[in-house]
Amino acid sequence: HASHPDLPMTFSRRRTRPVVVGNVTIGGEHPVVVQSMINEDTLDVAGSVRAIQRLHRIGCEIVRVTVPSLAHAHALADIRQKLQQQYLDVPLVADVHHNGMKIALEVAKHVHKVRINPGLYVFEKPKDNRTEYTQAEFDEIAAKIQATLAPLVISLREQGKAMRIGVNHGSLSERMLFTYGDTPEGMVESALEFIRICESLDFRNIVISLKASRVSVMLAANRLMVKRMDELGMNYPLHLGVTEAGDGEYGRIKSTTGIGTLLAEGIGDTIRVSLTEAPEKEIPVCYSILQALGLRRTMVEYVACPSCGRTLFNLEEVLHKVRSATSHLTGLNIAVMGCIVNGPGEMADADYGYVGKTPGSISLYRGKAEIKRVPEQEGVAELIKLIKSDGRWVEPQ
Ligand code: SF4
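Everything numeric in this text was worked out from a predicted model, so none of it was measured. Residue positions are counted from 1 within each chain, in the order its sequence is given. Whole-chain, interface and lining totals are the exception, using all residues; otherwise, since this is a predicted model, local features are given only for residues with pLDDT of at least 70 and side-chain atom pairs are given and counted only at 80 or more.

### A word on the site of the ligand
Then, number 1: The immediate surroundings of the ligand are formed by C305, P306, S307, C308, R310, T311, M337, G338, C339, V341, N342 and G343.
Then, number 2: Each residue belonging to the shell around the ligand can be placed in one class, and the counts come to six nonpolar, five polar and one charged. Only the C-beta atom matters for this test: placed from the backbone, it must lie within 6 Å of a molecule or strand for the residue to be near it. Under the convention adopted here, Pro, Cys and the residues Ala, Val, Leu, Ile, Met, Phe, Trp and Tyr are nonpolar, Asp, Glu, Lys and Arg are charged, and Gly plus all remaining residues are polar.

### Quick look at the packing of helix α7 (residues 215–232) against helix α8 (residues 248–264)
Then, number 1: The contact between α7 and α8 brings their axes to 10 Å, and the two run at 20 degrees. Compared by their axis directions, α7 and α8 come out roughly parallel. Once α7 is placed against α8, the crossing between them reads as right-handed. Contacts from V215, M218, L219 and N222 in α7 reach K254, T257, G258, T261 and L262 in α8. Lines fitted to C-alpha atoms define the axes, with helix axes restricted to the stretch in contact, and inter-axis angles between N-to-C directions lie between 0 and 180 degrees. Here a helix means four or more residues in a row that DSSP labels H or I, a strand means two or more in a row labelled E, and each is numbered from the N terminus. The cut-offs work like this: below 35 degrees is roughly parallel, past 145 is roughly antiparallel, 65 to 115 is roughly perpendicular, and the gaps in between are oblique. Crossings are assigned a handedness: left-handed for a near helix turned anticlockwise from the far helix by less than a right angle, right-handed for a clockwise turn. In this description, a residue-residue contact is defined by the distance between C-beta atoms placed from the backbone, which must lie within 7 Å.

### Description of the sheet that holds strand β15 (residues 369–375)
Then, number 1: Between any two strands, pairing holds if DSSP finds at least two bridges. With mixed pairing, five strands are arranged side by side in an open sheet as β11-β12-β13-β14-β15. This sheet does not close on itself; its edge strands, each paired only once, are β11 (301–304) and β15. Here the strands of the sheet are splayed against their neighbours by 20 degrees on average, with no regard to which way each runs.
Then, number 2: Two strands pair when backbone bridges link them, and β11 and strand β12 (residues 333–337) are joined in this way by four bridges, in the parallel orientation. By the bridge assignment, Y302 is partnered in β12 with I334.
Then, number 3: Lying over the sheet, helix α10 (residues 315–326) contacts β11, β12 and β13 (352–358), oriented at roughly 160 degrees with respect to β12.

### Let's talk about the domain arrangement of the protein chain
Then, number 1: Here the limits of each domain have been adopted from an automatic or database domain assignment. For the protein chain, the assigned domains read domain 1 (19–292) and domain 2 (301–389).
Then, number 2: If you average the C-alpha positions of domain 1 and of domain 2, the two centres end up 44 Å apart.

### Thoughts on the pairing of β15
Then, number 1: Note that strand β14 (residues 361–366) and β15 share six bridges and pair antiparallel. By the bridge assignment for β15, S363 is matched with R373.
Then, number 2: Where β14 folds back on β15, the antiparallel hairpin that results is connected by two residues, among which G367 adopts a positive phi of roughly 60 degrees.

### Quick look at the packing of helix α6 (residues 184–200) against α7
Then, number 1: As a packed pair, α6 and α7 sit with axes 9 Å apart at the nearest point and diverge in direction by 45 degrees. One element, α6, and the other, α7, form an angle in the oblique class. Relative to α7, the crossing made by α6 is right-handed. Contact residues: P184, E185, M187, V188, A191 and L192 in α6; V217, A220, A221, L224, M225 and R228 in α7.
Then, number 2: The class makeup of the residues in the contact of α6 with α7 is ten nonpolar, no polar and two charged.

### A closer look at the UniProt feature "domain: IspG C-terminal" (unreviewed entry) in the protein chain
Then, number 1: Feature annotation in UniProt places "domain: IspG C-terminal" (unreviewed entry) on residues 301–388, given in this structure's numbering.
Then, number 2: For the annotated span residues 301–388, helix accounts for 25% and strand for 33% of the residues, and the straight-line distance between the end C-alpha atoms is 18 Å. UniProt positions are given in the numbering used here, feature names are shortened, and annotations may be inferred rather than shown by experiment.

### Quick look at the nonpolar core
Then, number 1: We define a nonpolar core as a collection of buried residues of the types Ala, Val, Leu, Ile, Met, Phe, Trp, Tyr and Cys that are connected via C-beta atoms lying within 7 Å of each other. The exposure scheme places C-beta atoms from the backbone and then counts, for each residue, the other C-beta atoms within 10 Å of its own, assigning buried at 20 or more, exposed at 12 or fewer, and partly exposed in between. Formed by 82 residues in total, the largest nonpolar core has its most connected members in A94, V107, V114 and A191.
Then, number 2: In contact with V114, not counting residues within four places along its chain, are A94, V96, A104, V107, A108, L152, L156 and M163.
Then, number 3: By size, the runner-up hydrophobic cluster in this structure holds 21 residues, among which are L312, Y352, I362 and L383.

### Considerations on the UniProt feature "binding site: [4Fe-4S] cluster" (unreviewed entry) in the protein chain
Then, number 1: The positions UniProt marks with the feature "binding site: [4Fe-4S] cluster" (unreviewed entry) are C305, C308, C339 and E346. The greatest C-alpha distance among the annotated residues, which extend across 42 residues, is 14.2 Å, indicating that they converge on a single site.
Then, number 2: Relative to the elements of secondary structure, C339 occurs in the loop between β12 and β13.
Then, number 3: The contact partners of C339, leaving out residues within four places of it in the chain, are R310, T311, L312 and G356.

### With respect to α7
Then, number 1: Helix length check: α7 (18 residues) gives 26 Å between terminal C-alpha atoms against 26 Å at 1.5 Å per residue, within 8%.
Then, number 2: What α7 keeps buried is the set V217, M218, L219, A221, N222, M225, V226 and M229.
Then, number 3: Turning to α7, the residues buried within the fold contact α6, β8 (206–211), β9 (238–240) and α8.
Then, number 4: Immediately beyond the C-terminal end of α7, within one or two residues, lies G233, with a positive phi of roughly 70 degrees. Between the first and last residue of a helix there are one fewer steps than residues, each counted as 1.5 Å, and that sum is the expected span.

Here it is in structure tokens:
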């Protein structure tokens, strides 16, 4: 999965500080990182190792695992060891679901990044059923959170590891809910409180996420976070995702709408598409979003017309044939157009074009130049020949 940062960009990315997670860096000048999460029980060491391998093989650059208990944290030592025996050095992130520090401190020894959820650091409610905290109560709890979190922050700092402060709209702490409401402001303040704790301990290897299942909330929270960080002189990288996006076409569209919109504004350094499907299904969606925006190039870019009354061949079938013959040629732009009326002009900046010429014949283009006209049945074979003669062909693996 090579990336080509020299692709023409129509927008610039927000400058963030690089955060090292094992052998991957999030932020800075680095390409947007693709990640996902296995859904195996972490106690199933062999199953988890296989799931991590499967994801890594198809381009998942950071893999997250869930760590709900101390036993799970210990299991990660075995998982890490088994991966190392196979020379698989994929960065692992532990999702710690409790504010109990024992689990986090144990797992921090075996992974490269620990994800915590500020919403789970809940302490006592205000007395007398009040629905607001006095400033003194608010500060007292903040101090308790600081004391609870400090050992983990120090441990990560000493080991050169990273932390994700992962805020979820659906699990804001009561203190944030009462004080700021169920709002993007509440999400941002929740993240900022944890960032300040980290900074007070001189720890800045931090990635922030503000996820929501509603795209509008996710967009607003991330934009506000960027604004607040700019005001405060902070430049932590952002991890983007739409939670509980569901499955199928709508799940993909919902994720893309949220993640793609922010990326197009230059916001976002790592992404996860959360589908109610096998995690392997999430990775191609991530790469497609990045390719569509010109942020990474891991596939052939196909341009194809939607077909219309002028179309001179079965466009769907031909596109399918062209794609199966050429999809391994990462870096090429190939256009398949139904006719010469609009085809050549609308092929954008395609390297090669396959354009309907007359019923039964097609024309092959190199860039904007028509190279040769061939019978339709020989179209795909001739296209391959042309690519070969230009020295741009590689054999599929
Ligand atoms: Fe129709 Fe030709 Fe345009 Fe394709 S390129 S949509 S066939 S006019």
